[in-house]
Amino acid sequence: MSVSTLVTAERDTEAGTLHQRILNDIEGKIVSGEWPIGHRIPFEVDLAREYGCSRMTVNKVLTQLARAGLIERVKKSGSFVSQPHTQSAVLEISDIRKEVESLKLPYAFNVPRVAKRKAQGADRLLLDVPIGTAILDITCVHLAGGKPFCLEQRLINLASVEGADQADFTKVPPGQWLLSQVPWSSAEHRIHAAAADATTAEQLGIEQGTACLVIERRTWSAGAAVTQVRLTYPGDRHALVATFTPSS
């Protein structure tokens, strides 16, 4: 290898290392919440001066972050931390924690309501159980980066799920607990759009009337109803994906 080739290789290595350092620094500030949604990223010229590199190196970093969905680049305005946007398979029973972590955001949740009661008329239609059946009524708010991400409203059939009324849902969210405890044999999904009512808007931190994506699901195990859940996402933060093959 000639001297000139060696120098070029060393410069390429240095540029690659610096690229990764800038990428890690900016990504870390976004993921940690130090730079919240809407925060303006320093201009390319300022980042180049801070790191002692070319604007081209900075531009490549910002382009990579934009492709990953972490920032949004607005012509003549700059780059901004973007609103998280996730997607899931239509027929998949997913773990919301994993959805959030796939966005490289810290996950948290809170459970403002857990009530044991008897099924009423509306519950019979939702959960497919007789009126009077003992059920657990749970509300859980999932957070991404400290901000509301999904509202989970769940009914659990205590006749099918032993111990649910003793579970500590302040430590494990109800959906995750069920996936680990109860095998399910069949499921039904219903997907639709809905405007956020006052309660939903308050819990998700959005304006009343905001368009939301709603996934309603019922699951059974050996013919017995297990749970019914309504998952509400602000419409601009979630997408559903389905993969199809030709029918024979």
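Residues numbered from 1 in each chain as written. Predicted model: local features only at pLDDT ≥ 70, side-chain atom pairs only at ≥ 80, totals over all residues. Heavy atoms only, no water.

## Focus: the nonpolar core
It is characteristic of soluble globular proteins that their nonpolar side chains tend to be buried jointly.
Part 1: One finds I26, L62 and L65 to be the most contacted residues of the largest nonpolar core, which totals 18 residues.
Part 2: For this core, the elements supplying multiple residues, two or more each, are α1 (3–32), α2 (44–51) and α3 (55–67).
Part 3: The biggest single contributor to this core is α1, with five residues.
Part 4: Ignoring any residue separated from it by four or fewer positions in sequence, one finds L65 in contact with L23, I26, E27, L70 and I71.
Part 5: Of all hydrophobic cores here, the second largest spans 14 residues; its members include L105, F109, C140 and Y233. (Core = buried A, V, L, I, M, F, W, Y, C linked by side-chain atoms within 4.5 Å. Buried < 20%, exposed > 50% of the residue type's maximum accessible area, 1.4 Å probe, protein only. Helix = DSSP H or I, 4+ residues; strand = E, 2+ residues; numbered from the N terminus. Contact = heavy atoms within 4.5 Å.)

## Focus: α3
Part 1: Between its first and last C-alpha, α3 extends 18 Å over 13 residues, near the 18 Å set by a 1.5 Å rise per residue.
Part 2: Buried within α3 are the following residues: T57, V58, V61, L62 and L65. One side of α3 holds all its buried residues, which, seen down the axis, span an arc of 130°. Relative to its buried face, α3 has exposed residues pointing more than 90 degrees away, namely R55, M56 and R67.
Part 3: Phi turns positive one or two residues past the end of α3, at G69, with a value near 85°. (Expected span 1.5 Å × (residues − 1). Arc of directions from axis to C-beta.)

## Some details on the environment of A211
Part 1: Within the secondary structure, A211 sits in strand β9 (residues 211–221).
Part 2: The contact partners of A211, leaving out residues within four places of it in the chain, are A194, P234 and G235.

## Points about the packing of α2 against α3
Part 1: One can describe the packing of α2 onto α3 by two numbers: an axis separation of 8 Å at closest approach and a directional angle of 115°. Classified by the angle between their axes, α2 and α3 sit roughly perpendicular to one another. Note on packing geometry: the crossing formed by α2 with α3 is right-handed. Listed contacts from α3 to E44, V45, L47 and A48 of α2 are R55, V58, N59 and L62. (Axes fitted to C-alpha atoms, helices over the stretch in contact; angles between N-to-C directions. Parallel < 35°, antiparallel > 145°, perpendicular 65-115°, else oblique. Left-handed = near helix turned anticlockwise from the far one by under 90°.)

## A short note on the pattern of salt bridges
Any two side chains of opposite charge can pair, given that their charged atoms come close.
Part 1: As enumerated under the stated definition, the model contains 13 salt bridges in all.
Part 2: As a salt-bridge pair, D123 and R117 come within 2.5 Å of each other at their nearest N and O atoms.
Part 3: Looking at D123, the relative accessible area reads 6%, which means it is buried.
Part 4: Residue classification places R117 among the partly exposed positions, given a relative accessible area of 22%.
Part 5: With its nearest N and O atoms 2.9 Å apart, the salt bridge here joins D137 to R117. Of this pair, D137 sits in strand β6 (residues 134–144) while R117 sits in strand β5 (residues 107–118); the two residues are 20 residues apart in sequence, bridging distant segments of the chain.
Part 6: Of the residues examined, D137 reaches a relative accessible area of 13% and is grouped as buried.
Part 7: Within this structure, R113, R117, D123 and D137 form a network of salt bridges that share partners. (Salt bridge = Lys/Arg side-chain N within 4 Å of Asp/Glu carboxyl O.)

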